[in-house]
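# Structural overview
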Amino acid sequence: QVDLVESGGGLVQPGGSLRLSCTASGTFVRIVVMGWSRQAPGKQREFVSTITTGGATRYGDSVKGRFTISRDNAKNTVYLQMNDLNPEDTAVYYCYANFLNTVYSESWGQGTQVTVSS
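Below or above, wherever it landed, is the structure these notes cover. Everything quoted here is computed from the prediction, not taken from an experiment.

## Section: unusual backbone geometry
At Asn76, a position not held by glycine, the phi torsion is positive, near 50°. Tracing the chain through its elements places Asn76 in the loop between strand S7 (67-72) and strand S8 (77-82). Unlike most non-glycine residues, Asp84 shows phi in positive territory, near 50°. Within the element layout of this structure, Asp84 appears in the loop between S8 and strand S9 (91-100). Given the relative accessible area of 47%, Asp84 is considered partly exposed.

Structural data, given as structure tokens:
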């Protein structure tokens, strides 16, 4: 089992920046992919970004060019640098990890609120 703890959410003005962090702990052989999704009120969960152990990244269309994902494999931590935020980015951001123990499994964090408002 992998536990994920997110941090870094909060209230920011439009055009501002935030950096989210997520650290994994628990029992696993290795973490393959870490990433972020988000869910705004009344909307379905939306893919934001992923990063592999080797550093390959993917981004959702709505965040390309504004968000940057990075990862510290030694610390089992993934980061999401969010720039030029707008009110449509307001959501609960969830970290997840695809990991190998005896089989491949997936864990999700509890979420961290990001609110973009003036």
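## Things to note about the pattern of salt bridges
Scanning the model with the defined rule gives 4 salt bridges in all. The shortest N-O distance in the salt bridge between Arg38 and Glu46 comes to 2.8 Å. When its relative accessible area of 30% is taken as the criterion, Glu46 is described as partly exposed. The residue Arg38 makes a salt bridge to Asp89 at a minimum N-O spacing of 2.9 Å. You can see Arg38 sitting in strand S4 (residues 30-39) and its partner Asp89 sitting in the loop between S8 and S9, a full 51 residues away along the chain. Overall, the relative accessible area of 5% leaves Arg38 in the buried class. Each of Arg38, Glu46, Arg66 and Asp89 takes part in one network of salt bridges that share partners.

## Observations concerning the sheet that holds S8
As summarised here, the arrangement of the 4 strands in space is S1-S3-S8-S7, forming an open sheet in which the pairing is antiparallel. The strands lining the two open edges of the sheet, one partner per strand, are strand S1 (2-7) and S7. Pairs of neighbouring strands in the sheet enclose a mean axial angle of 15°, with direction left out of account. By the bridge criterion, 6 bridges tie S1 to strand S3 (residues 18-26) in an arrangement that is antiparallel. Bridge pairing links Ser7 to Ser21 in S3.

## What about the state of the cysteines?
All chains considered together, the criterion is met by 1 disulfide. Here Cys22 pairs with Cys95 through a disulfide, and the sulfurs are 2.0 Å apart. Residues Cys22 and Cys95 are joined through a disulfide that is left-handed, its torsion about the S-S bond being -80°. Linking Cys22 in strand S3 with Cys95 in strand S9, this pair joins segments that are 73 residues apart in sequence. Across the pair, Cys95 and Cys22 agree in class, each one buried.

Reading guide: rules and limits
Residues numbered from 1 in each chain as written. Predicted model: local features only at pLDDT ≥ 70, side-chain atom pairs only at ≥ 80, totals over all residues. Heavy atoms only, no water. Helix = DSSP H or I, 4+ residues; strand = E, 2+ residues; numbered from the N terminus. Buried < 20%, exposed > 50% of the residue type's maximum accessible area, 1.4 Å probe, protein only. Salt bridge = Lys/Arg side-chain N within 4 Å of Asp/Glu carboxyl O. Pairing = 2+ DSSP bridges. Axes fitted to C-alpha atoms, helices over the stretch in contact; angles between N-to-C directions. Disulfide = S-S within 2.5 Å.

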